[in-house]
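This is what each chain is made of:
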Amino acid sequence: MKYSPIFITATNTNVGKTYTTLKLLEALSAKGLKVGVMKPIETGVMDAPLDAVMLFEMAKRYHPDLEKLSLKEIVPYCFELPAAPFVAKGRKKINVDVLQHAYEKIASLCDIVLIEGAGGLLVPIEEDLYMYDFIRLFEAKTLLVGHDQLGCINDILLNLHLLDSLGVEDYEWCINFKAERTHFDTISLPFLKKTFGRVLSVQEDMPNILRSLGV
């Protein structure tokens, strides 16, 4: 059975998109699915695209047929400058047809593809292309990853408001806990739980996250 791809984004950079994508990969593979991975654009690349390499190597361990693909297909665009793609690419043009072709090649070998974004939803790629446009480009469901520090309420609400204003319907959000939970439970959990009824975590609630995303 084929499933819609999942686009993994976050409220900002360094929140835990790659970690979350790896956890999704493990959980989906444990369900017996053939899982592909894609990182359309990676910046801050010196010798190798570290995030894409990590994703690709783990995906191949679970799904050896992915050996037929090259790293270039997993991460079609790499740039050295650790900045938004709009800046990092210099004069180079990001071609969405290249991204679409790479995705289709990965998807042909898989039941589902995990697509990790770069930065957050409003990261600019071209003058008329932002990271959130990948949701429609790949016809993907969306998982928003939030941080666990002070300010997470504002960051999560802003991103959910953006998704709603864009007309995105198939999305879920969760928290990636990097620190001990006592601070979050005291400072942020009361409002989030009152507002949303539940707060899912990457570490503890992956089955619920997948269920919410229809997998």
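As the structure is a prediction and not an experimental result, all values here were calculated from the model.

### Topic: the overall build of the protein chain
Right, on to step 1. When its secondary structure is counted, the protein chain shows ten helices and nine strands.
Right, on to step 2. Against the compact-globule benchmark of 17 Å for 215 residues, the protein chain has a radius of gyration of 17 Å, which places it among compact chains.
Right, on to step 3. Its C-alpha atoms give the protein chain principal-axis dimensions of roughly 45 × 40 × 35 Å.
Right, on to step 4. Residues counted as buried form 52% of the 215 residues belonging to the protein chain.
Right, on to step 5. Accessible surface, the protein chain: about 10400 Å² in total, of which carbon and sulfur atoms supply 52%.
Right, on to step 6. If the 23 positive side-chain charges of the protein chain are averaged to one point and the 28 negative ones to another, these points end up 3 Å apart.

### So, the pattern of salt bridges
Right, on to step 1. Under the counting rule described, the total for this entry stands at eleven salt bridges.
Right, on to step 2. Here Glu-116 makes a salt bridge to Lys-39, at a shortest N to O gap of 2.7 Å. Taken together, the residues Glu-116 in strand 5 (residues 112-120) and Lys-39 in the loop between strand 2 (35-38) and strand 3 (41-42) connect sequence positions 77 residues apart.
Right, on to step 3. For Lys-39, a relative accessible area of 3% gives the class buried.
Right, on to step 4. For Glu-67, the salt bridge identified is with Lys-60, shortest N-O distance 3.8 Å.
Right, on to step 5. Owing to a relative accessible area of 54%, Glu-67 belongs among the exposed residues under this scheme.
Right, on to step 6. On the basis of relative accessibility, which here comes to 14%, the residue Lys-60 falls in the buried class.
Right, on to step 7. Connected through shared salt-bridge partners, Lys-39, Asp-51 and Glu-116 make up one network.

### Brief notes about the environment of Leu-55
Right, on to step 1. Topologically, Leu-55 is positioned in helix 2 (residues 50-62).
Right, on to step 2. Take Leu-55: its relative accessible area is 1%, and that puts it in the buried class.
Right, on to step 3. Every residue in contact with Leu-55, bar those within four places of it in the chain, is listed here: Thr-18, Thr-21, Leu-22, Leu-25, Val-37 and Glu-116.

### What about a nonpolar patch on the surface?
Right, on to step 1. Residues Leu-81, Phe-86 and Val-87 make up a contiguous nonpolar surface patch of roughly 250 Å² in combined accessible area.
Right, on to step 2. Within the secondary structure, Phe-86 is located in helix 4 (residues 85-88).
Right, on to step 3. Take Phe-86: its relative accessible area is 34%, and that puts it in the partly exposed class.

### Here's the deal with unusual backbone geometry
Right, on to step 1. In this structure, Asn-14 takes a positive phi of about 60° despite not being glycine.
Right, on to step 2. Its place among the elements puts Asn-14 in the loop between strand 1 (6-10) and helix 1 (17-30).
Right, on to step 3. By relative accessible area, Asn-14 is classed as exposed at 64%.
Right, on to step 4. Located in the positive-phi region is Glu-139, a residue other than glycine, with phi close to 50°.
Right, on to step 5. Residue placement: Glu-139 occurs in the loop between helix 6 (133-137) and strand 8 (141-146).

The rules we used
Counting of residues starts from 1 at the beginning of each chain's written sequence and follows it residue by residue. Given that this is a predicted model, residues contribute local features only at a pLDDT of at least 70 and side-chain atom pairs are listed and counted only at 80 or more, while totals for whole chains, interfaces and linings are drawn from all residues. Side-chain metrics in this entry use all non-hydrogen atoms of the structure; hydrogen atoms and water are not considered. Each helix corresponds to a stretch of at least 4 residues labelled H or I by DSSP, and each strand to a stretch of at least 2 residues labelled E; elements are numbered beginning at the N terminus. What the globule rule says is 2.2 Å times the number of residues to the power 0.38, and the radius of gyration is computed from C-alpha atoms. Only protein chains enter the accessibility calculation, which uses a 1.4 Å probe. A residue is then buried if its area is under 20% of the maximum for its type, exposed if over 50%, and partly exposed in between. Per-residue and other accessible areas follow the Shrake-Rupley method at a 1.4 Å probe size, with only the shown protein chains counted as cover for residues. We count Lys and Arg on the positive side and Asp and Glu on the negative side, and we leave His and both chain ends out. Here the site of a charge means NZ on Lys, CZ on Arg, CG on Asp, or CD on Glu. Salt bridges are defined by distance alone: a side-chain nitrogen of Lys or Arg within 4 Å of a carboxyl oxygen of Asp or Glu. Any two residues whose heavy atoms approach within 4.5 Å are treated as being in contact. Note on patches: the residues involved have over 30% relative accessible area and no salt bridge, like charges join within 9 Å, and the nonpolar side chains Val, Leu, Ile, Met, Phe, Trp and Tyr join within 5 Å.

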